[in-house]
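# Descriptive analysis of the structure
Here's the letter readout for the chains.
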Amino acid sequence: MTEGPPPGGPTARILDRGYRPYRGPRTGVRGAVATVWLQSVQRALGIRRSAWAKVLPLASVAISYVPAIVFVGVVALIPDAREVGELDLPTFGEYFPFIQAAVLLFVSFVGPEILCTDRRTGMLGIYLASPLSRDTYLGAKALATFSVISLITVGPTLLMLVAYVLQGVGPDGPGGVAATFVRIIVSGLLLALLYTAVGLGVSSLTDRKAFATAALLLLMVVVSAFITVLVEESDLPGSLQGLSLLSGPFGLVELVHGERASIPGLGLPAALGGLAAWTALGLGVTHLRYRLLQVTR
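Structural notes, computed from the coordinates. (Residues numbered from 1 in each chain as written. Predicted model: local features only at pLDDT ≥ 70, side-chain atom pairs only at ≥ 80, totals over all residues. Heavy atoms only, no water.)

## Quick notes on the packing of aromatic side chains
The geometry of an aromatic ring pair is captured by two quantities: the separation of the ring centres and the angle between the planes. Heads up, the rule is: Any Phe, Tyr or Trp ring, taking Trp's six-membered ring, that has another such ring centre within 6.5 Å forms a pair; planes under 30 degrees apart are called stacked, those over 60 apart edge-to-face, and the others tilted. Burial here depends on accessible area, computed with a 1.4 Å probe over protein chains only, as a share of the maximum for the residue type. Under 20% is buried, over 50% is exposed, and the range in between is partly exposed.
Scanning all chains against the criterion turns up four aromatic pairs. Taken together, a centroid distance of 6.2 Å and an interplanar angle of 80° make the contact between Tyr-95 and Phe-96 edge-to-face. As far as burial versus exposure is concerned, Tyr-95 and Phe-96 are alike and both buried. Through a chain of ring-to-ring contacts, the aromatic side chains of Tyr-95, Phe-96 and Phe-250 assemble into a single cluster.

## Observations concerning the environment of Ser-247
Short version of the rule: Helix numbering and strand numbering both begin at the N terminus, where a helix is a DSSP run of H or I of at least 4 residues and a strand a DSSP run of E of at least 2. Working rule for contacts: check all heavy atoms of both residues, and any pair within 4.5 Å makes them a contact.
Examined against the element boundaries, Ser-247 turns out to sit in helix H10 (residues 247-256). Note on Ser-247: relative accessible area 23%, which makes it partly exposed. Measuring from C-alpha to C-alpha, the distance between Ser-247 and Leu-266 comes to 9.7 Å, with 19 residues separating the pair along the chain. Leaving out residues up to four positions away in the same chain, Ser-247 has contacts with Thr-228, Gln-241, Ile-263 and Leu-266.

## A closer look at helix H2 (residues 51-77)
Under the convention used in this document: Throughout, bend refers to the angle between the axes fitted to the seven residues that end at a position and the seven residues that start at it.
Its axis deflected by about 30° at Val-66, H2 carries its strongest bend there, up to four residues before the proline Pro-67. Of all the residues in H2, the buried ones are Ala-53, Pro-57, Ser-60, Val-61, Ser-64, Pro-67, Ala-68, Phe-71, Val-72 and Val-75.

## A few points about the nonpolar core
Under the convention used in this document: The criterion is simple. A nonpolar core is a set of buried Ala, Val, Leu, Ile, Met, Phe, Trp, Tyr and Cys residues joined through side-chain atoms within 4.5 Å.
Residues Val-110, Val-148, Met-160, Tyr-164, Leu-194 and Tyr-195 are the most contacted members of the largest nonpolar core, which totals 53 residues. Excluding residues within four positions of it along the chain, Leu-194 makes contact with Leu-245, Pro-249, Leu-275, Trp-278 and Thr-279. Listed in part, the 13 residues of the second largest apolar core include Leu-128, Ala-140, Leu-200 and Leu-293.

## Considering the packing of helix H4 (residues 100-121) against helix H9 (residues 209-232)
Here is the rule we go by: In this analysis an axis means a line fitted to C-alpha atoms, helices contributing only their contacting stretch, and an angle means the value between N-to-C directions, from 0 to 180 degrees. We call a crossing left-handed when the near helix sits turned anticlockwise from the far one by less than a right angle, and right-handed when that turn is clockwise. Under the grouping applied here, Gly and all other residues not named as nonpolar or charged are polar, the nonpolar ones being Ala, Val, Leu, Ile, Met, Phe, Trp, Tyr, Cys and Pro and the charged ones Asp, Glu, Lys and Arg.
Contact geometry of H4 with H9 gives a least axis separation of 8 Å together with a crossing angle of 145°. The chirality of how H4 crosses H9 is right-handed. Here Leu-104, Val-107, Ser-108, Phe-109, Pro-112, Glu-113, Cys-116 and Thr-117 of H4 come into contact with H9, specifically with Lys-209, Ala-212, Thr-213, Leu-216, Leu-217, Met-220 and Val-221. Looking at the contact of H4 with H9 residue by residue, the class counts come to 10 nonpolar, three polar and two charged.

## Some thoughts on the environment of Gly-199
Note that Gly-199 resides in helix H8 (residues 173-203). For Gly-199, a relative accessible area of 1% gives the class buried. It is 7.5 Å that separates the C-alpha atoms of Gly-199 and Gly-282, two residues lying 83 residues apart in sequence. Among all residues touching Gly-199, those that are not within four sequence positions of it are Gly-111 and Leu-216.

## Structural notes on the packing of H8 against H9
For clarity, the cut-off: Working definition: roughly parallel below 35 degrees, roughly antiparallel above 145 degrees, roughly perpendicular at 65 to 115 degrees, and oblique for all remaining angles.
Here H8 crosses H9 at 130°, and the two axes come no closer than 9 Å. It follows that H8 is oblique to H9 by the angle criterion. Every pair of crossing elements has a handedness; the one defined by H8 and H9 is right-handed. Residues Tyr-195, Val-198, Gly-199, Val-202 and Ser-203 of H8 form the contact with H9, whose own contacting residues are Ala-212, Ala-215, Leu-216, Leu-219 and Met-220. Looking at side-chain class alone, the contact of H8 with H9 contains eight nonpolar, two polar and no charged residues.

## Focus: H9
Which entries qualify depends on this criterion: What a helix should span is 1.5 Å times the count of its residues minus one.
Between its first and last C-alpha, H9 extends 35 Å over 24 residues, near the 34 Å set by a 1.5 Å rise per residue. All buried positions along H9 are accounted for by Ala-212, Leu-216, Met-220, Val-223, Ser-224, Ile-227 and Val-231. If you follow the buried residues of H9, they end up packed against H4, H8 and helix H11 (268-292).

## Side note on the pattern of salt bridges
As a reminder, the rule being used: We count a salt bridge whenever a side-chain nitrogen from Lys or Arg sits within 4 Å of a carboxyl oxygen from Asp or Glu.
Scanning the model with the defined rule gives six salt bridges in all. The salt bridge partner of Arg-43 is Glu-113, with a shortest N-O separation of 2.9 Å. One end of the pair, Arg-43, is in helix H1 (residues 28-45); the other, Glu-113, is in helix H4, and 70 residues separate them in sequence. Under the relative-accessibility criterion, Glu-113 is labelled buried at 4%. Ionic pairing is found between Asp-207 and Arg-120, a salt bridge with its closest N-O pair at 3.9 Å. Highlighted residues: Asp-207 in the loop between H8 and H9 and Arg-120 in helix H4, separated in sequence by 87 residues.

## What to know about the environment of Arg-291
Checked against the element boundaries, Arg-291 lands in helix H11. Judged by relative accessible area, Arg-291 falls into the partly exposed class, the value being 46%. Sequence separation of Arg-291 and Arg-134 is 157 residues, and the distance between their C-alpha atoms is 7.5 Å. Apart from residues lying up to four places away in sequence, Arg-291 is in contact with Arg-134 and Asp-135.

Keep in mind these values describe shape, not function.
Right, here's the structure in full:
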């Protein structure tokens, strides 16, 4: 409907196009979870964002793969497997200390980027006005964080396995390759689970990404240093290192691969216990925080 301008007044056009209902597919809760997961992964990796938003995540991922690429290059350049063995290349369980800084930086960035932004911008209320509940929303965010962190806890050692097998210096026989593959996947996913829970737990306490990132870095570094000093300066058993957020998880990877732990006194039960305790604490804090959170829809 179009009305002409009043005599002597400005020209105006009023267009009445009517109401158009949504006629597309309705995917329900499953589709909403998948959408939140995809958007969260893209945001964490800087996809469809400015160039500056891509620098930190992509640099952290690249740094975590650099040692693996170097080791693969050494193996490729030296054709004699016996000579490769003499170079004392790190085992799969010994790889993570080489990328400790990249892991710290990446974990401290991913959780806050995925979780804090929605509360600060008010998007949380819009998400919860959809078929999503608080639990399904958190599930999608946790899955996205877990997926992104797995890029640096599974990918580099898996690259080493593939390269070593192709060069003939990897595990012997199909059984050895399959066993090593399973150990890489299990240990990498356990690390991703731990750092997902801790990252979400800290990020749920503030809506400022910078504060959450700083708190995560301090938590992982200070707790690990405190436990190390406590064990070294007292008669406490080395199994207490299972509660460290750095030494404990990396020692767990060595134990999963059947290697001797570099931390004296750390056994598989203590390492798994520490990981389970931190995971339960992080997920519990996140769930409780969002249960009590006031949300305006």
